[in-house]
Amino acid sequence: MEYETKSHCKYLIALHLILVVKYRKPLLNGRLGEFVKKTVFDVSLSSDFRIEEVEIDKDHIHMLITIGTRYSVGQHARRIRQATTAKTWNHFLI
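Residues numbered from 1 in each chain as written. Predicted model: local features only at pLDDT ≥ 70, side-chain atom pairs only at ≥ 80, totals over all residues. Heavy atoms only, no water.

(A) Structural view of the layout of surface pockets. Size it by volume and the largest pocket reaches roughly 590 Å³. Along the walls of the largest pocket sit 21 residues, with Val21, Lys22, Leu27, Thr85 and Thr88 positioned nearest its centre. The set of elements that each furnish at least two residues to the lining of the largest pocket consists of β3 (13-20), α1 (31-45), β5 (60-67) and α2 (73-93). With 8 residues, the single largest contributor to the lining of the largest pocket is α2. Here the lining of the largest pocket is built from residues that sort into 14 nonpolar, 4 polar and 3 charged. In this model, the second largest pocket occupies a volume close to 150 Å³. (1 Å grid on protein atoms, 1.4 Å probe; cavity = no way out; pocket = protein on both sides within 12 Å on 5 of 7 lines; lining within 4 Å. Points joined across faces, edges and corners; volume = space filled by probe spheres on them. Helix = DSSP H or I, 4+ residues; strand = E, 2+ residues; numbered from the N terminus. Nonpolar A, V, L, I, M, F, W, Y, C, P; charged D, E, K, R; others polar.)

The following block contains the structure:
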């Protein structure tokens, strides 16, 4: 990870983000877990954050991401949750 430099600032904002499946159900095994992991990487390509590492357990996801100063932590988490939920529902249930 390297510092980002703008015209008047230099920063490095790294977050350890943990997203949990509702009711801690063990749903992220096998194919669904890999699909969610791929979706998170796809979201990062079109958003203002970079994924350093991702690990998936049976009921939660650990991510180490670096973000810019434009959006808040909550906005990044919301974007990841919305995209993974929508794509998972569309791919596996419809």
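Picking up where we left off.
(B) Representation of the environment of Asp42 within the structure. In this fold, Asp42 is placed in helix α1. Note on Asp42: relative accessible area 29%, which makes it partly exposed. Between the alpha carbons of Asp42 and Ile80 there is a distance of 9.8 Å; along the sequence they are 38 residues apart. (Buried < 20%, exposed > 50% of the residue type's maximum accessible area, 1.4 Å probe, protein only.)

(C) Up close: a nonpolar patch on the surface. Together, Met1, Tyr3 and Leu12 give the surface a local cluster of nonpolar side chains, amounting to about 340 Å² of exposed area. Note on placement: Met1 falls in the segment before β1 (4-5). (Patch = residues over 30% accessible without salt bridge, like charges linked within 9 Å, V, L, I, M, F, W, Y side chains within 5 Å. Areas by Shrake-Rupley, 256 points an atom, 1.4 Å probe, with all protein chains shown as cover. Salt bridge = Lys/Arg side-chain N within 4 Å of Asp/Glu carboxyl O.)

(D) Looking closely at the pairing of β5. For β5, the buried fraction is high: 6 of the 8 residues fall into the buried class. Bridging between strand β4 (residues 49-56) and β5 involves 7 bridges; their strand directions are antiparallel. The residue of β5 that forms the bridge with Val54 is Met63. Between the antiparallel neighbours β4 and β5 lie 3 residues. (Pairing = 2+ DSSP bridges.)

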